[in-house]
Structure formats: structure tokens, C-alpha cells
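As a plain string of letters, each chain reads:
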Amino acid sequence: MLLEVKDLVVSFPTPDGLVEAVRGVSFAVGAGKTLGVVGESGSGKSVTAQTVIGLTRGARVSGSALFEGRDLLKMSRDQLRQVRGSKIGVVFQDPLSSLHPFYKVGWQIEEAIRAHEKVSRAEARRRAVELLGLVGIPHPARRVDDYPHQFSGGMRQRAMIAIALALNPSLVIADEPTTALDVTVQAQVLELMKRLQAELGMAIIMITHDLGIIADMADEVMIMYAGKVMETASRHDLYYEPHHPYTTGLLGSLPQSGHEGERLVPIPGQPPSLIGPPPGCPFWPRCGFAMPKCRLEVPPLRAVPGAPGHTSACWLPLELTGYSVEVDAARHLAAVAEGATAVATASGAEEAQP
Amino acid sequence: MARFLARRVLLGVVVLWVVASVIFILYFVTPNDPARVIAGKEATAQTLAAIRHHLGLDRPLIDQYGSFLWRYLQGNLGYSYYNSEPVSTIIAQDLPVTASLAVGGAIIWLVLGVLAGVLAARRPRSLADRTVTSVALFFYSMPTFLLGLLALTIFFYWLHIEGIDIFAPPGYVGLSQSVSGWFSHMVLPWLTLALVTAAIYARLTRGSMLDVLGEDYIRTARAKGLSERRVIYRHGLRAAITPIVTEFGIDVGTLLGGVIVTESVYGLPGLGSQILNSVTDGDLPVTMSIAILAAAFVVVANILVDAIYALIDPRVRLS
């Protein structure tokens, strides 16, 4: 495995209390593979990735993150700095605010190269032009001297990708790379990342709130909710044989082309506060299948039989996989009708509310 | 950009003309009779009339206004009523003193204030941050004359009594006479002028840096694996400097007013002391010239700030 994260716990002390942003997350990414990390805002997906490369400041961190055999979480600041940007590249969400407005695009790429390699300015510049060409910027030799505000949104994100790839990293963390872009540009940027992965062979951690983004890209998918992993599966299993009610909820709220007039089914309610989160499964207040046990005991990630790599943190019987829009819609409408905290009874479950 | 600056220069000239005109009007509105100032209380009506004729005060107002503007345009600032010296000579004498004080003070407050602000912003709520913030508050709330007198008492007078003469007594020694003498005479005035203003810059820099350090491009700089020093100064301070430049332009422009107190406390014969004396003496040509010079400082500083913006921010340069 290229990156193997085990029991990652991240919390932030704030005046209101300790925010438990990530609560025991484990995952692995193989060389050249793509891991999709999916979750709502505040699910801990970005914090997880940023902690691994030491970008969360003022956080309490425990666990381990083995990258090429070395634990990133135990490295000194300087050792980690040397890995960051050279072996692990990062692409952020909003390319306009993520590029420095006062420096030329080419200069910002050169700076990344020169931070890790002793090369002349001329050589760094030559490589910057080459990288801009690689990510599909037209006339790279001319555009290298442009400022970020002279680039379009898609071109800026291409420039960010060029910075991330400047030192040929073995892993690229893409944190919502297409969220700030127009839909047509989104598709171009995703195509670009796929093409570059095929050419350069780097692994990608694709963080997104949009299951549609990773549908034809991820090898493995990890669903996160309230700082915890809800379900992991291969791309196929996740879309066709999901187990966790949260995953089916996410799939149900996904618009599908060719299904005109069909209502989207939202998941009712809000994610829980991460300051002193309640015991039990974090999803139970919004879950159509919640049982008394769900409120008391945290379901561990358990292997779904017959599907290697498929795990789910849910007390429902593990054989109950599969997904149907109709069943799910009915289930959610019922839950909405009863109020977000009402507990629908699954087969055989006893009365939950006192 | 060039057109923008040209417009600013033109506007500056208009501002100076308005200031000069207002000063000219004040000249006639004030109950001062220049002839009496020159001739003294015992002078006869005849003497006064002769002096008025000599100064051209008996000519029509519009005529006087015209020749007033024309004289200033030619750089002829008139003669002091007090000792008949050319005003330009007086200013040429006093300017180096004020320039010594202002340039030294400005450098100290800029460097000290910005560095302290960056230090505080790097670790908000840390001991360093709290120290900078409270020291800044202390100097911020300290009137310049009090700070000056305190510094003079403690660092000159008390040390002098103990036989330790590190700092020179009040007064001024020209740079051309003795570099070390000049320096030892200037240190306390510099600090007096600088510390109060440095406090403002420390607070301003801290706030601006805190905003910038939360920006996405700072996260990008860290993600690129740059050293923390480079992230803070090359990426952070570069973007945070804009409001500091604005403040610096205003402060340098209005510095001529700011040095009055410091020059008086330390007995420095600069433009600040001069304008104070000339106002007390009713020496209008000197007062007017220094006031117009002060306005010119403000105008020039503002144009320079605009030019510096363009150097700092490419978005200004290209729009």
C-alpha cells in the first residue's frame, strides 16, 4: 500500500469545546489507484486528508499514516515539509483563492519545483512551461507569465494541478477539485486528471460531496459521516450493492439524467454537532431503519460477506444490500412525515421512543 | 496606469492651489496687522502706512492674490516679518532637522511595527501575541509629549545624574558636523516619534496578517512544501502589506504636524518648532510657506501610495 491510515483521530480545541472532527478513520490507497472519499460538509473528509500531510494547525492528532513505509504523523515538521509538495501533491477546491493573486502562475509553479530541487530559475521555468502544456493550457510559453486573474476558472484549476504534479508525486490529494467550477469545465478537469493518472501513474485521493464525480473514476469509495467511516466498497459494490442507509440516502439524492419528473429524495435532518457527539451511530436520528441498539452502541465497520473490501458500519443484517429508488423514497418520505427524529421500525425492532 | 497617475498629479496641483488660496484668505481674515508686527506697538500711523505700502498691502486684494500666487509659483516664499530672512533660507535650515527626525522615525516605526505585528499574528493568543498586543496598547494610549518627557527624564536626565551619558542632551547636531553626535542626539526623538506610531502598525499588521494567513493561497503555499519563513513573508506579508502602505502614506504625509511635539520636547530646531514659533509671532510668510509645504507632503505621499499599490498588486497595475 502506498498510504495506509490507521485509527486517525483529529480534534480541535475551541472556546465552545473540543470539536471531534475525525473519529477513528482507517483506509488505504494502493499505488496508482484512486480512492474516492465522499461525505457532506463537516463529515471530516477534508480534515482527514489535510491532517495526513500536516496542514491542520492547532489540532490534536493520534493514529498513524504510513506513506511509503514512513509514518507521516510522526515526522518532524521539516521532514513532512519535504514530503509535502514533492511526493504528495494537493489540489484544492477554489482555484481562484488557492493561487496567490500577486504572483505569476509560472512563478508559482517554479517556486514549488525550487522548494524541493536545486535547479536554476531558467530550468524551473522551462519545466513550468512544460507542466502548463501537460495540463492543457494553450500557448504555455506565453501564459506562464500571466497572473491568476488573467486565467479562466478551468485554467486556474489546471494550473493548480500543474503545481500539484510539479515534482511527479506518487499521490495527489484532490480536495473537491471541481466543486467551484462550471459543470462543463468539471468534466474537462476530471478527464484531465484521469488522463494524467494514466500517463504518470500517481494515486489519487478524490474528496467530494458528489457521488457522481467519482462514479467513473474511483477504484474504491469511502463514505464518511460525522467524522466516521460509514461504508467502504469497490466502486461497483457501492453503486449497485450499498449496505449503509446513509449511502443509499446519498444515492437517492443524486439526480439522474433520463429520469424526467422524478423527485430527488433528500436525507431529512442535519448532521450531529461534533462537539460532544452523542453515543451510538451518528446517523441514527436521520435513519429510516434506526433501532434502539443504534442509539446506544456505535456500530463497528463489519465486512459484508461475499464482497472483498466491502465494509459497513451499520447494525442492519449484512445480507441486506442493494438499492432501489422506489423503496428508498417511500422509506424517506415516511421518515419525513414522522419528523426527522422519529424512529421507523425495521422488521422485528421494538418500540424505540420512550 | 500612467493616465491614472497623471490624473492624480493634476488633482494634487488643484489641491495645493486650494490650500494656498485658503491660506491667503486667512492672511486677511486674521486680526493680525503685519505692519504692526514689524514696526512694534509704538509706531506712528505714518510708519505703519509706509510699511503697508512696502509690503503691497495697500493694493487691491485681487492684485495681491495674483502676485502672491505668482511669487509662490516662482519659488519666492517671501521674507520673515520677524527677522527679515528669506523664508526659503529658513526652510532650508530647518528641513534637514525635520527630515532627520521624520525619516529615522518612519523607518523605525515601520520595521518595528510590522515585525511585531507579524510575530503576533503567527501564533494568535500566544505569549508573544499577548505581549505585543499589550505593549502596543501601552504606547498607543501614550501621548507623544508625555512619552518624550519620560524618555528624556529617564534615559538622559537620570543617567546623566548617575554619570552615564549614553544619550545626548536636547538639541541638534548636524549630520555634516558629526555623525555620532547627530545619531546620539536623534535616538531618543526617533523612538519618541516612532513608538506611538509603531503601536498602530503592530495592531494593523497583526489584523491584516491574520486575515491573509487564513486565505486559501497560504494553505497552497504550505501544501507546496515551502519553508514557514517563506510562507509568512513571501506569501503572507506580501499580501497583507496593502493596508499598511495606505496607513504609511497618510502618516508620512501628515508627519510635519506630528513632529511639532517631538521637536519641541527635544529642542530640535526643525520645521515643527519653526511653525510653532511663527504662529506665536504672527510671522505669516513663514507660517504660510510651511503650511503649503505640509500640504505638498500630503499630496506627494498620496501619489506615491497609489504608485506603490500598482507595484504590489498586479490586478491594480493591469486594470
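## A short note on the overall build of chain B
A count of helical and extended segments in chain B gives 14 helices and 0 strands. Listing every helix and strand of chain B by position from the N terminus yields α-α-α-α-α-α-α-α-α-α-α-α-α-α. When the backbone C-alpha atoms are referred to their principal axes, chain B occupies close to 85 × 60 × 35 Å. Of all 319 residues assigned to chain B, the portion counted as buried reaches 32%. Long-range pairs, those at least 24 residues apart, make up 72% of the contacts in chain B with a sequence separation of at least 6.

## What to know about the confidence of the model for chain B
Here chain B averages 89 in pLDDT, while 98% of its residues score no lower than 70. Across the interfaces of the predicted complex, the ipTM metric reaches 0.86, alongside a pTM of 0.84.

## Concerning helix α8 (residues 183-200) of chain A
All names here are of chain A. An ideal rise of 1.5 Å per residue puts 26 Å on 18 residues; α8 measures up with 26 Å between its terminal C-alpha atoms. Those residues of α8 that are buried are in contact with α7 (153-165), β7 (171-175) and β8 (203-208). Positioned one or two residues after α8, G201 has a phi angle of 75°, which is positive.

## Some thoughts on the domain arrangement of chain B
Residue and element names in this part refer to chain B. For chain B, the domain assignment lists domain 1 (2-73) and domain 2 (94-318). Between domain 1 and domain 2, the residue contacts involve 13 residues of the former and 11 residues of the latter. Here the side of domain 1 that touches domain 2 is composed, by residue class, of 10 nonpolar, 2 polar and 1 charged.

## What about the pairing of strand β6 (residues 88-91) of chain A?
Residues and elements named next belong to chain A. The alternating pattern of β6 places I88 and V90 and G89 and V91 on opposite faces, both of which are buried. Examined bridge by bridge, β6 and β7 share 4 bridges and lie parallel to one another. Directly across from V91, in β7, lies its bridge partner A174.

## Looking at the domain arrangement of chain A
Residue and element names in this part refer to chain A. Here chain A is partitioned into domain 1 (3-221) and domain 2 (264-338). Taken together, the contacts link 10 residues of domain 1 with 6 residues of domain 2. Here the residues of the side of domain 1 that touches domain 2 sort into 3 nonpolar, 3 polar and 4 charged.

## Quick word on the nonpolar core
A general feature of soluble globular proteins is that nonpolar side chains tend to end up buried together. Membership of the largest hydrophobic core comes to 150 residues, with the highest contact counts inside it found for I109(A), L132(A), A162(A), L171(A), I173(A), A174(A) and I205(A). Among the elements that line this core, the one with the most residues is helix α8 (residues 179-213) of chain B, at 16 residues. Ignoring any residue separated from it by four or fewer positions in sequence, one finds I205(A) in contact with V29(A), L35(A), V37(A), A49(A), L171(A), I173(A) and A174(A).

## Quick word on the pairing of strand β4 (residues 60-67) of chain A
All names here are of chain A. The pairing of strand β1 (residues 3-14) with β4 spans 7 bridges and is classified as antiparallel. Bridge pairing in β4 links E4 to L66. Relative to strand β5 (residues 70-71), β4 runs antiparallel, the two being bridged by 2 bridges. Each residue of the ladder has a partner; that of L66, found in β5, is D71. Counted between consecutive antiparallel strands, the loop separating β4 from β5 contains 2 residues, among which E68 sits at a positive phi close to 50°.

## Some points on the sheet that holds strand β9 (residues 220-225) of chain A
Residue and element names in this part refer to chain A. Sheet architecture is open: 8 strands sit in the order β6-β7-β8-β3-β9-β10-β12-β11, paired in mixed fashion. Pairing within the sheet leaves two strands with one partner each, and these edge strands are β6 and β11 (302-303). The sheet contacts of helix α1 (residues 45-52) involve β3 (34-38), β7, β8 and β9, and relative to β8 the element is tilted by about 145°. Running at roughly 170° to β6, α7 makes contact with β6 and β7 of the sheet.

## Considering the interface of chain B and chain A
With 17 residues of chain B in contact, the opposing surface of chain A contributes 23 residues. Within the residue set of the side of chain B that touches chain A, elements represented by two or more residues are α9 (216-223), α10 (228-253) and α14 (314-318) of chain B. Among the residues making up the side of chain B that touches chain A, the classes are represented as 6 nonpolar, 3 polar and 8 charged.

## Digging into the packing of α9(B) against α10(B)
Residue and element names in this part refer to chain B. It is at 10 Å that the axes of α9 and α10 come closest, and there the two elements cross at 145°. Classified by chirality, the crossing of α10 by α9 is right-handed. Contact with α9, carried on its side by Y217, I218, A221 and R222, involves V231, H235 and G236 of α10 and no other residues of that element. Split into classes, the residues belonging to the contact of α9 with α10 amount to 4 nonpolar, 2 polar and 1 charged.

## A few points about the environment of E176(A)
Residues and elements named next belong to chain A. Along the chain, E176 falls in the loop between β7 and α8. Assessed through the 19 C-beta atoms surrounding it within 10 Å, E176 is described here as partly exposed. Taking the C-alpha atoms as reference, E176 lies 8.4 Å from D94; in sequence the two are 82 residues apart. Every residue in contact with E176, bar those within four places of it in the chain, is listed here: Q93, I207 and T208.

## A word on the packing of helix α5 (residues 87-122) of chain B against α8(B)
Residue and element names in this part refer to chain B. Closest axis-to-axis distance for the α5/α8 pair is 5 Å, and the angle between their directions is 35°. As α5 packs across α8, the resulting crossing turns out to be right-handed. Here the residues of the contact of α5 with α8 are counted per class, giving 25 nonpolar, 7 polar and 2 charged.

## Considerations on helix α13 (residues 284-312) of chain B
All names here are of chain B. The end-to-end C-alpha distance of α13, which contains 29 residues, comes to 42 Å, matching closely the 42 Å that a straight helix rising 1.5 Å per residue would cover. Where α13 is concerned, the buried positions are L284, P285, V286, T287, M288, S289, I290, A295, V298 and V299. Contacts made by the buried residues of α13 are with α1 (2-29), α2 (34-39), α5, α10 and α12 (271-281).

What counts as what
- Residues numbered from 1 in each chain as written.
- Chains lettered and ligands numbered in written order.
- Predicted model: local features only at pLDDT ≥ 70, side-chain atom pairs only at ≥ 80, totals over all residues.
- Helix = DSSP H or I, 4+ residues; strand = E, 2+ residues; numbered from the N terminus.
- Buried ≥ 20, exposed ≤ 12 C-beta atoms within 10 Å, placed from the backbone.
- Contact = placed C-beta atoms within 7 Å.
- pLDDT = per-residue confidence, 0-100.
- Expected span 1.5 Å × (residues − 1).
- Domains from an automatic or database assignment.
- Nonpolar A, V, L, I, M, F, W, Y, C, P; charged D, E, K, R; others polar.
- Pairing = 2+ DSSP bridges.
- Core = buried A, V, L, I, M, F, W, Y, C linked by C-beta atoms within 7 Å.
- Axes fitted to C-alpha atoms, helices over the stretch in contact; angles between N-to-C directions.
- Left-handed = near helix turned anticlockwise from the far one by under 90°.

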